[in-house]
Structures are given as structure tokens and as C-alpha cells.
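Here are the chains, one letter per residue:
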Amino acid sequence: MIGMDFISFLIILVVALIVAVFLHFGLKYYVTPGIASFLAKVVLAWIGGWLGSPVFGHWWEGLSYGQVYIVPALLGALALLILAVDGPKTFKAAGRGPEV
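Reference entry: report on the structure contained in this document. (Residues numbered from 1 in each chain as written. Predicted model: local features only at pLDDT ≥ 70, side-chain atom pairs only at ≥ 80, totals over all residues. Heavy atoms only, no water.)

Attention shifts here to unusual backbone geometry. With the exception of glycine, the majority of residues adopt a negative phi angle, and the majority of peptide bonds are in the trans configuration. The backbone of K28 sits at a positive phi, close to 55 degrees, despite the residue not being glycine. Even without being glycine, W60 reaches a positive phi, approximately 50 degrees. Within the secondary structure, W60 sits in the loop between α2 (35–56) and β1 (64–65). Overall, the relative accessible area of 57% leaves W60 in the exposed class. (Helix = DSSP H or I, 4+ residues; strand = E, 2+ residues; numbered from the N terminus. Buried < 20%, exposed > 50% of the residue type's maximum accessible area, 1.4 Å probe, protein only.)

Laid out in C-alpha cells, this is it:
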């Protein structure tokens with residue numbers, strides 16, 4: 001996945017946008033509201049989508065392009081965003097993190 005083509009990059013970007021929009025605007029799942037938080041989610045979701053196929057495997061070859069498998073990319077993006085939001089919320093609830 002290191003030497004991916006531009007179409008693969010765009011597919012992962014669309015997956016990241018869909019997951020970030022769903023979590024940030026649909027479910028209001030964020031640490032801080034605002035566009036900066038949303039853009040950070042897009043970047044993290046892209047990384048999660050990029051890691052999705054190597055980590056979760058290659059599912060449903062009909063829903064793939066090159067080395068990008070859509071379902072594992074969705075799961076990877078979702079998993080990384082949930083970890084990224086739950087971490088600060090957990091530390092804030094425990095009283096160990098900075099005030100957000």
C-alpha cells in the first residue's frame with residue numbers, strides 16, 4: 001500500500017470523508033466541535049482506511065480496487081476514529097487529561 005496510485009488514494013479519501021461526516025455531524029461524536037476537529041477526523045480516518053486492508057484482511061474482492069478493499073477500509077477508519085475520540089474522553093472523565 002506504500003506505492004498506491006491516485007485512484008486508490010481517492011477511494012480511501014472518500015471512505016474517510018463518509019466515516020468522518022457520519023461520526024462528527026451525524027452522531028455528534030467528537031471531543032471538540034468545529035471544522036478543525038472534523039478535518040482532523042478526516043486525516044485520522046484516511047490513515048485508518050489505509051491500514052484497514054492490511055490489518056483486517058481482504059474481504060469481498062468484488063468491492064475492491066487494487067489493494068484497497070472497501071469493507072476493511074471502512075472498519076479501519078471507524079476503529080481509528082473511535083480510539084482517537086474515546087482516548088481524550090476517557091482521560092478527561094478520569095480527571096487526568098487537560099480540560100477540553
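Let us look at the packing of aromatic side chains. All told, the structure shown has 4 aromatic pairs when counted by the stated rule. Both rings, one in F6 and one in F9, keep their centres 6.1 Å apart while their planes meet at 25 degrees; by these two values the pair is stacked. Placement of the pair is F6 and F9 together in helix α1 (residues 6–26), with a separation of 3 residues, close to one helical turn. Judged by its relative accessible area of 55%, F6 falls in the exposed class. When the ring of W46 is compared with that of W50, the centres are 6.2 Å apart and the planes differ by 10 degrees; the resulting orientation is stacked. Residue W46 and its partner W50 are located together in helix α2, separated by 4 residues, close to a single helical turn. (Phe/Tyr/Trp six-rings, centres within 6.5 Å; stacked < 30°, edge-to-face > 60°.)

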